[in-house]
Structure formats: C-alpha cells, structure tokens
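Remarks on the overall topology
Residue strings, one per chain:
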Amino acid sequence: MMRKMRVTAMLMAAVLTVAGLSGCGGNQASGESSAAESISSAGTEQENQTGEVSAVDTSEKVELRIMVQTGLDPDTLPMFKQIEEKCNVDFVWDAVESGYSEKKAVVLASNDLPDIFFAGLTSDDIVANPELFVDMSTLLDYAPNVKNMFEEVPLTKYVSTYGDNGLLSLPQVTGFNPRSWEVMMINKTWLDKLGLEVPTTLDELEEVLKAFKEQDPNGNGKADEIPMDWPCEYGHGPYCLTGAYGLADDKGKIILKDGVVDFLYTTEEYKNVTAYLHKLYAQGLINPEVFTTTDYSVANALSSEGDAARVGFTFGWSVESRTGKFTDEYMVLPQLKADDGIGNPLWACGPKERVNTDVACVLTKSCKNPERAMMVINEFYSEDFALQEYYGSSPEFVEKQADGSWIIKEPVNGTIEEQKLKNALVNRGPCYTSPDLESRTTLPQELQARLDQDNVYTDQRPEDNQIFPTVKFDNEATEELTYLKTDIDKYVDQKSAEWVVNGGIEEEWEGYLEQLQKMGLDRMREIYQEAYDVRMNQTN
C-alpha cells in the first residue's frame, strides 16, 4: 500500500520581511523571481485574513531525498551546495548508475519513495503510477521560474501534463540545440590529395569511395582505408540518405506527409537507399564489421584514433565527436542528390521547439514538505543553475559576467563533452536555458562548431509541418506501442543488415511489407496518428 502523504503545515501569516519567511533568496536573473517574490505577487490565494502575504517558513532546515541515475556523487558538486545554502535544505542523494532500472522498479513498488526523482523516470512510469506523484500545478506559485518556462516554451507544459492527473513532471531544456540529429562528413584532406571534387550526388560519392579504397589517401603505404563507416548503434547513419530522394524522417523513423503519419522503412526511398548501400558493400566500400561492432566506443575508435585517419566518409553527432584528433581533415557534407531530378534534397532534423528530456524532475507524494520542495525546484529552473547543471559548477566551468552575460569555458583537458560528464548531471537532471539566456551566452569553440555544422543544412530542412512533433500517449497506447515497436524495430533492423550485406531487397520487398502488416504495423500507425491528431487539435 502506498504510504499516505503527510504534509506539514508551513504557511505562516506574516510580512515577507520577517526573518525566516522568504523564498530561497539570492540574486535572481532578469525576468526571474524567488518563490517568495512570486507569492507576493500571486494575489488572493496566498493572502491571509489581514491581507498580509503568507510565505513558507524556511528558518528550519529540512531534508529532501533525491534519486538520480548517475555515476557521480552529486554531494560533491558545488552547484548543489549553493542551492542547499540558499534554500536552507540538505539533499540526501540516492545516486544509482548500474542497475538503476531494477532499483527504480523496486522503489516505485514500495512505500519508500524519494521526495524528488531526477531524470531516470519515464513518462511511461508516470502514466502507469500517477497516484505516486504530486500535481505540481497546485504549487506553481512557489515556482515562478517554472511558470516562465511554460510561457516561453509552451511545449514544456504539454510534455509535463498528464490529462486529468495534472502536472506530474517537469522537463529539461538545455538550449544551444542544433536542429539536425547528426551530420554527414567526408575527409577533405583525402579529396584534395587525390584531386577529387566534393561529391554532390550518390553516384559521385560512389566514385569517391572507390578512390579512397584504391589510392592510399592517408599515405601510410597500407591498404587500411575504410571508405565508408558509421556507428551501428548511433542515430540514423546511412538512412539519412533517404533525403537524397527528397524524403526526411524524424529521429524515430517516422515520416509526416500533409498530416498523415507513416514510417520510413516502408517507403520506396528506404528501399532505394538500402539497394544503394548493398552496391557499395559488395565493392568493399563499407566497413565489413559495421553491423557486428555494436560497442559505440569501439566503432568510434576507427575514425578518431590511430596514427593516420582511416575513415573517408561517415556520420555522427559532430565532426569533433566522430573524428577526434583528425577533425581538421574533415568537412560537413551537405545532403546529396539521388539524381538531377531531385529539386531540393532534405536532411532529417527535429522540430524548432523541443525539450531535451521529457521527464527531468518529479515530486512524489512521499514528500512531507511539498512547498519547500517546490521552492527548491524553482531554483533548479533558475538562470543561475541552468548552465551549471549541464556543463559544470560556477565559476570553474561556467561563469556569469558583470553585465549579466555568461561564458561556458573552454575545456582544460579533452573535449567539452568529456568534461561535462565528469562534472555535471548533464541530461540526468532539471534545468531551463531560456532563449534569452542563450542569446547572452558565449560558447566554447566545440559547441559553436556543432551549431555551425548544423547551419550547413539550413536550406535542406523539411518544412515544420512535415516534421513529426513531440506527442504523448495514454497508458493503454503506451503499452501497446511498446509491444508493437519492439518487435517491428528488431525485424526492420535485421532485414536492413541482411539486405545491405547480401542484397535481395527487390525480390523480398513485398513479403517484407506483408510481414510488417502481420506484426501490427497498421495498428502502430493508428496509435501515432491518433496522438498526432490530438496534439494538433490542442495546438490549434
């Protein structure tokens, strides 16, 4: 049985200037308020019979238990010490990395919930257990920074709301998000050495890859070049090339045409790219271990380590993350054309408005001090915390300037990606980087480079109404979709690998489509279509 929530009455009738009756305090950024300031302006709900404004008594230190999926010890991170001091709380951390899913299942089934979950819960967990979590819409007067986020980025409120159950979670928005999920890159040093032009079509790419294989472009006297490669377990990889035929999907291989949902792997464009990849594979132009090396670090080492660059053409999050010390040899390649009949090739990307983590912060009904907890959550969504949560504590890794601008500092050793994983929760916790904060932040070279790489595809992005948006599913649809999608995705990946390596897609295509129907493809399409229609109705 779930333990009943016991809430200690904390509201006291007094003026805000009385010691101990305040929000978490500290300087607020422009446009932000402490919880106490918000309550002061919130109106009648917080007024007592004398018309004075009530506030939460923060004079007594309270404990807040937080469960988070991380290998770090959050208690060692200065950013959380800052909030503890500001809000007069002690955080008691339950930080779990290995075995988190099992631990989470046990905790959700028990009566011993933490006060707050950071990222690690999913929307599926919340849909299945809404009775365990607090409807934070009743506490928003204690969280003006959350209110601001909802107003500035409406999607954040949409992903946080669970029908009649209310506001059960809060997301993470980090800012500085490129629209593209990945980029395509080619070794420009090799092109120049061999006197080759940058390819613009699939046929030209094939000829370039042949030259990479045969002409020792890295100059080490060994036939060790890998003309084309991609990390099998990362993103789309080569199926970004469906855009060469004028069709781009979202990250989940969902396509949207005039409001109708379908799936990339049932299209002629998908079939054409698979046949093209087999043609390359049969000539030895693709890494023969591309489907069997499933460890990303091992796969990435081929393109980023060694005495000389070995990979000619590949895909990845960024040139820097994919090619490592050989970064200077590569250029971002715009989307190719399948043939001259394609007017404007497309590059897969996400919608303009998106969140980084749907469920980043959840308040449970085991919390004895929900008002105090919500005031702390308000600080998690403050400007002062935003960059620290993702990149590391201030002033070592990020720093606010006298004019209100911010700097994300260049890494001392390694990359910014490596540095932040050692010094911040990154995508494992709540934060909100507002558009205004983005405009006042100076980025390190590595982050700015990724945005510059994204701009290569500006003119090749699909129209916004042709990109599948963020949608939500109810519990029944979630369970059904999980069952259908798991089997279908496994089958699609299996057939894709078989066809690239062995060929046969033309002969087997109709049978493949029939098998997908038997596996419930039509029903899966219906689930996505219904969710899309609901989202559009709410938006309009």
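Up top is the structure.
In this report, the structure presented in the accompanying data block is examined. Since the structure is predicted, the reported quantities are computational estimates derived from the model, not experimental observations. (Residues numbered from 1 in each chain as written. Predicted model: local features only at pLDDT ≥ 70, side-chain atom pairs only at ≥ 80, totals over all residues. Heavy atoms only, no water.)

**A short note on the nonpolar core**
Put simply, the rule is: Among the buried residues, those of types Ala, Val, Leu, Ile, Met, Phe, Trp, Tyr and Cys that are joined through side-chain atoms within 4.5 Å form a nonpolar core. Burial classes follow relative accessibility: with a 1.4 Å probe on protein chains only, a residue under 20% of its type's maximum area counts as buried, one over 50% as exposed, and anything between as partly exposed. Secondary structure follows DSSP: runs of H or I at least 4 residues long count as helices, runs of E at least 2 residues long count as strands, and numbering of each begins at the N terminus. Working rule for contacts: check all heavy atoms of both residues, and any pair within 4.5 Å makes them a contact.
Phe80, Phe91, Phe118, Tyr265, Ile377, Phe380 and Tyr381 are the most contacted members of the largest nonpolar core, which has 134 residues in total. When residues of this core are assigned to their parent elements, the largest contribution, eight residues, is made by helix H17 (residues 475–502). Every residue in contact with Tyr265, bar those within four places of it in the chain, is listed here: Lys253, Tyr270, Ile488, Asp489, Val492, Trp509, Tyr512, Leu516, Leu521 and Met524. Counting residues in hydrophobic clusters, the runner-up holds 16 residues, among them Val96, Tyr100, Leu113 and Ile126.

**Some thoughts on the pairing of strand E4 (residues 89–96)**
Applied cut-off: Only when DSSP finds a minimum of two bridges between them are two strands counted as paired. A crossover counts as right-handed when, viewed with the strands pointing away from the observer, the path leading from the first strand over the helix to the second turns clockwise.
For strand E3 (residues 62–69) and E4, the ladder comprises eight bridges, and the chain directions are parallel. Within E4, the residue paired with Val68 across the bridge is Ala95. After leaving E3, the chain enters helix H2 (residues 78–87) and then returns to the sheet as E4, a path that is right-handed.

**Regarding the pairing of strand E7 (residues 183–187)**
Of all the five residues making up E7, five are buried; the element is thus mostly covered by neighbouring parts of the structure. Of the two faces of E7, the one carrying Val183, Met185 and Asn187 and the one carrying Met184 and Ile186 are both buried. Pairing geometry for E7 and strand E11 (residues 311–316), over four bridges, is antiparallel. Its bridge partner being in E11, Met184 is matched across the sheet by Phe315. Bridge analysis of E7 against strand E12 (residues 330–332) gives three bridges, and the strand direction is antiparallel. Each bridged residue has a counterpart across the sheet, and for Ile186 the counterpart in E12 is Met331.

**With respect to helix H14 (residues 416–423)**
For clarity, the cut-off: Relevant arc is that of directions from the helix axis to the C-beta atoms, nothing else.
When H14 is considered as a whole, its buried residues turn out to be Ile416, Gln419 and Lys420. The buried residues of H14 occupy an angular sector of 95° when projected down its axis, which confines them to one face. Those residues of H14 that are exposed and angled more than 90 degrees off the buried face are Leu421 and Lys422. In this fold, the buried residues of H14 make contact with helix H13 (383–391), strand E15 (406–408) and helix H16 (445–455).

**A look at the pattern of salt bridges**
Note the cut-off: Here, a salt bridge means any side-chain nitrogen of Lys or Arg that lies within 4 Å of a carboxyl oxygen of Asp or Glu.
Here the structure, examined in full by the defined rule, presents 33 salt bridges. As a salt-bridge pair, Glu207 and Lys210 come within 3.3 Å of each other at their nearest N and O atoms. Within this pair, Glu207 and its partner Lys210 are both found in helix H8 (residues 202–214), separated by three residues, close to a single helical turn. Within this structure, Glu206, Glu207, Lys210 and Lys279 form a network of salt bridges that share partners.

**A closer look at the packing of aromatic side chains**
Quick reminder of the rule: To pair, rings of Phe, Tyr and Trp, with the six-membered ring standing in for Trp, must have centres within 6.5 Å; the planes then decide the type, stacked if under 30 degrees apart, edge-to-face if over 60, and tilted in the middle. A ring is considered to have a charge above it if a Lys NZ or an Arg CZ atom is located within 6 Å of its centre and within 35 degrees of its normal.
Scanning the entire structure with this criterion turns up 26 aromatic pairs. Look at Phe468 and Tyr528: their rings are 5.9 Å apart centre to centre, the planes differ by 75°, and that puts the pair in the edge-to-face class. Remark: Tyr528 occurs in helix H19 (residues 521–539) and Phe468 occurs in the loop between H16 and H17; sequence separation between them is 60 residues. Between Tyr491 and Tyr512, the aromatic rings sit 5.7 Å apart at their centres with planes inclined by 25°, giving stacked as the arrangement. One end of the pair, Tyr491, is in helix H17; the other, Tyr512, is in helix H18 (residues 505–518), with 21 residues separating them in the sequence. Per residue, the accessibility class of Tyr491 equals that of Tyr512, and both read buried. An aromatic cluster is built from Phe80, Phe91, Trp93, Phe118, Phe380 and Phe385, whose rings are joined through pairwise contacts. A cation sits over an aromatic face here: Arg450 above Trp317, 4.2 Å from the ring centre.

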